[in-house]
Amino acid sequence: MNAIPHFPLMIAGLNKNQANHAEVYSPYSDKLIATVDKANGDDVELALATAHAAYRDRKNWLSVVERISILEKAVAMMTEQADELAAGAAEEGGKPLPDSNVEMVRCIDSIRACIDGLRNDAPHTIPMGINPASQHRLTTFRKEPIGVVVAISAFNHPLNLIAHQVGPAIATGCPVIVKPAENTPLSCFRLVEIFHKAGLPAEWCQALLTEDHQVAEQLATDSRVAFLSFIGSAKVGWYLHSKLAPGARCALEHGGVAPVIVTEEADIDAAIPGLAKGSFYHAGQVCVSVQRIYAHSSIARELADKLAAAAQTMVVGDPLSAQTEVGPIIRKGELTRIASWVQEAVDLGAELLCGGQEMAHNCYAPTVLFNPPTKARVSHAEVFGPVVCIYPFDDLDAAIEQANSLEFAFQSSVYSKNIDTALYVSDKLDASAVMINEHTAFRVDWMPFAGLKHSGLGTGGIPYTMEDMQVEKMIVITSKGIS
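Each chain carries its own residue numbering, running from 1 in the direction its sequence is written. The model is predicted, so local features are restricted to residues of pLDDT at least 70 and side-chain atom pairs to those at 80 or more, both for listing and for counting; the totals for chains, interfaces and linings are taken over all residues. Calculation of side-chain values draws on the structure's entire complement of heavy atoms; hydrogens and water are dropped beforehand.

A.B. asks: Looking at this model, I keep getting lost on the overall build of the protein. Mind explaining?
C.D. replies: Put simply, DSSP marks the helices as runs of H or I at least four residues long and the strands as runs of E at least two long, and each gets a number from the N terminus on. Helix and strand content of the protein: 15 helices and 21 strands. To get the radius of gyration, use the C-alpha atoms; to get the globule rule, take the number of residues to the power 0.38 and multiply by 2.2 Å. Against the 2.2 N^0.38 benchmark of 23 Å for 483 residues, the protein shows a C-alpha radius of gyration of 24 Å, consistent with a compact globule. Taking the principal axes of the C-alpha coordinates as reference, the protein spans close to 80 × 70 × 40 Å. Note on areas: Shrake-Rupley, 1.4 Å probe, and residue coverage restricted to the protein chains presented here. Summing over all exposed atoms, the protein offers an accessible surface of approximately 20,200 Å²; the carbon and sulfur share of this is 52%. Only four residue types enter the charge count: Lys and Arg as positive, Asp and Glu as negative, with His and the chain ends excluded. Where a charge sits is defined by one atom per residue type, namely NZ (Lys), CZ (Arg), CG (Asp) or CD (Glu). A distance of 8 Å separates the average location of the 37 positive side-chain charges in the protein from that of its 55 negative side-chain charges.

Set out below in structure tokens:
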């Protein structure tokens, strides 16, 4: 019988056995995959002190040349281990292997984007010599690391989220402490180990799980933390934001209840594959998953029936199978919650076109609901499951108003053959990004990614995160005294 792998805390200088550990289970098979040590308050203090000391010791800052070399070596190692890393992420997180393979490609691409950012980040100037006071002067800017970064991550993209939070910190020269989601810590620990093997000193990237929420709050809100990157629930994110030390920067990425507008002249058959993917990708456990589709009443039923037909053909099951399209829900409690929300919608008058039932191995059938009332939770709260709702409309502006009626705003989309209509809807939707004839979950890793309202704060995406993790120092040079 093979021993269960154990992952110790990745805190520089820590040499002890932990009293507490987390058990990591496959959400599909409920099999114990590994155990991971948990950090207490003293461990977090050591990690923070180590990271802060590294930052304050300017003579030992990593040069741009060193950072590029480390990231390039990490890319080579990730490429070599890509299949193993993707399979590990699928096993612990439940995202089907084909999608986990895509995530691994994106993870590598994200680190490459960090390298590109370093190579193309040239200093700029501001004008001098344009009035008497600025005569005989010139300026330049230097970018320096902001300080210690704490990254609190989520379960649904256990590889690429780490790349987006940790990669920019390494690139900009910030010591980083990362706390992965308790359900999916193994991918994080494996990636951090790769960075260390690529030459990154241990004190510049530490990884840990915390034993409770109080210790996690200690980590995030310590006065030595200069930047908090948080991906998770709005309730927790806004709470931590309220507790940050003065001057600390913050990026919050929460959820959404993504709306789609489908106009009467839209190509339904062309739209269905994207809408199905956007609705059921990773069992709907994505912050920009398609959830609310407002379709013109002349086509709403046809679109709903075709989307339901597409949902019923999707393969639900083992995330390690290359044929699986929809995997398990991450936790049993979430599965029960999703089922209760769907039942509530049906009880309130929604028509269940397909799905609506729990399946074996913590899976939930892809579900299409037609015209649930606005008071149903599926209409105003993030389902975070494989559930999509279609609402018929007659007046376009009324549909846009309904799409904008919630406290969440993230990515959205509009399907239309009429470019004027598509741009009109794009202008009117409350969103940080609007996709035309594409589902709401589209993303590449160099584009901005930002939640608005309750959905978040700041802008994600590799170049934007790198910008946030640096300070610009202006240097003014005068010719006086220079020979």
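On we go.
A.B. asks: What is the right way to look at the layout of surface pockets in this model?
C.D. replies: Any space left empty among the atoms is revealed by the rolling of a water-sized probe across them. The volume enclosed by the largest pocket comes to roughly 1,200 Å³. For the largest pocket, the lining is made up of 44 residues, of which F230, G232, S233, V236 and R331 are closest to its centre. Among the elements of the structure, β8 (209-210), α7 (213-221), β9 (225-231), α8 (234-242) and α11 (332-347) are those that each provide at least two residues to the lining of the largest pocket. Here the lining of the largest pocket takes 5 residues from α8, the largest share from any one element. Note on residue categories: nonpolar means Ala, Val, Leu, Ile, Met, Phe, Trp, Tyr, Cys or Pro, charged means Asp, Glu, Lys or Arg, and polar means any other residue, Gly included. The class makeup of the residues in the lining of the largest pocket is 21 nonpolar, 11 polar and 12 charged. Grid points spaced at 1 Å over the protein atoms alone were grouped into cavities, where a 1.4 Å probe fits but cannot get out, and pockets, open sets with protein on both sides within 12 Å along at least five of seven lines, with lining residues defined by an atom within 4 Å of a point. Grid points are joined across faces, edges and corners, and a volume is the space filled by probe spheres set on the points. Taken as a whole, the second largest pocket holds about 400 Å³ of empty space. R106, H157, Y281, A441 and R443 are the residues nearest the centre of the second largest pocket, which is lined by 19 residues in total. Breaking the lining of the second largest pocket down by element, the ones donating at least two residues are α4 (97-120) and α5 (160-172). Take the lining of the second largest pocket: its biggest share by element is 4 residues, from α4.

A.B. asks: Looking at this model, I keep getting lost on the pairing of β9. Mind explaining?
C.D. replies: For a regular strand, side-chain orientation follows a simple rule: the groups alternate between the two sheet faces. Among the 7 residues of β9, 7 are classified as buried, and the element is accordingly described as predominantly covered. Strand direction decides the pairing type here: strand β5 (residues 148-152) and β9, joined by 5 bridges, are parallel. Of the residues in β9, the one forming a bridge with A151 is S229. Bridge analysis of β9 against strand β10 (residues 249-253) gives 5 bridges, and the strand direction is parallel. Bridging across to β10, F227 finds its partner in R249. A clockwise course of the path from the first strand over the helix to the second, judged with the strands pointing away from the viewer, identifies a crossover as right-handed. A crossover links β9 with its parallel partner β10, the connecting element being α8, and its sense is right-handed. The cut-offs for exposure are 20% and 50% of the maximum accessible area for each residue type, with area from a 1.4 Å probe on protein chains only; residues under the lower value are buried, those over the upper are exposed, and the others partly exposed. Strands qualify as paired when DSSP identifies two bridges or more between them.

A.B. asks: Can you walk me through the packing of aromatic side chains in this structure?
C.D. replies: A ring pair, where both rings are aromatic, is described by two values, the distance of the centres and the angle of the planes. Any pair of Phe, Tyr and Trp rings, taking the six-membered ring for Trp, is counted once the centres come within 6.5 Å. Such a pair is stacked with planes under 30 degrees apart, edge-to-face with planes over 60 apart, and tilted for the rest. A full pass over the atoms with the stated rule returns 5 aromatic pairs. When the centroid spacing of 6.0 Å and the interplanar angle of 85° are considered together, the rings of F155 and F384 count as edge-to-face. Of the two residues, F155 sits in the loop between β5 and α5 while F384 sits in the loop between α12 (377-380) and β15 (387-393), which places them 229 residues apart along the sequence. Centre to centre, the rings of Y294 and Y391 are 5.0 Å apart; their planes meet at 20°, and the pair counts as stacked. Here the residue Y294 occupies a position in strand β12 (residues 290-296), and Y391 occupies one in strand β15, the gap between them amounting to 97 residues. On the basis of relative accessible area, Y294 is assigned to the buried category, the value being 4%. The exposure class of Y391 is buried, given its relative accessible area of 7%. By definition here, charges over rings are those cases where NZ of Lys or CZ of Arg is within 6 Å of the ring centre and within 35 degrees of the ring normal. Against the face of F370 rests R301, its NZ or CZ located 5.1 Å from the ring centre. One Lys or Arg, R443, reaches over the ring of F449 and ends 3.8 Å from the middle of that ring.

A.B. asks: Looking at this structure, how should I read the side chain of H296?
C.D. replies: On the secondary structure map, H296 appears in strand β12. Take H296: its relative accessible area is 13%, and that puts it in the buried class. Within polar-contact distance, the side chain of H296 engages the side chain of S298 at 2.8 Å. Here a polar contact is recorded for every N or O atom pair within 3.5 Å, except that within protein the pair must consist of a potential hydrogen donor and a potential acceptor, and residues adjacent in sequence are included only if both atoms are side-chain atoms.

A.B. asks: What is the right way to read a negative patch on the surface from this model?
C.D. replies: For patch building, the residue pool is restricted to those with more than 30% relative accessible area and no salt bridge; the joining distance is 9 Å between like charges and 5 Å between nonpolar side chains (Val, Leu, Ile, Met, Phe, Trp, Tyr). In what follows, salt bridge is the name for a side-chain nitrogen of Lys or Arg lying within 4 Å of a carboxyl oxygen of Asp or Glu. On the surface, D394, D395, D397 and E401 cluster together to form a negatively charged patch. By the secondary structure assignment, D395 is in the loop between β15 and α13 (396-403). Overall, D395 belongs to the partly exposed group, its relative accessible area being 42%.

A.B. asks: Even after reading the chapter, I still don't get the sheet that holds β10, so can you show me in this structure?
C.D. replies: Within a sheet, adjacent strands bond to each other through the backbone by hydrogen bonds, running parallel or antiparallel. Ordered by their spatial adjacency, 6 strands build an open sheet running β7-β6-β5-β9-β10-β20, and the pairing between neighbours is mixed. Strands with a single pairing partner mark the edges of an open sheet, and in this sheet they are β7 (205-207) and β20 (456-457).

A.B. asks: Please explain the nonpolar core as it appears in this structure.
C.D. replies: For soluble globular proteins, the rule of thumb is that nonpolar side chains tend to be buried together. Within the largest apolar cluster, 61 residues are counted, with the highest numbers of intra-cluster contacts made by L71, M78, M104 and F195. Contacts of F195, omitting those with residues within four sequence positions, involve I70, L71, A74, M78, I111, V166, I170 and L200. Throughout, nonpolar core names a set of buried Ala, Val, Leu, Ile, Met, Phe, Trp, Tyr and Cys residues whose side chains join them through atoms within 4.5 Å. Counting residues in hydrophobic clusters, the runner-up holds 57 residues, among them A276, F280, I329 and V414. The contact definition used throughout considers only heavy atoms, calling two residues in contact when any of these lie within 4.5 Å.

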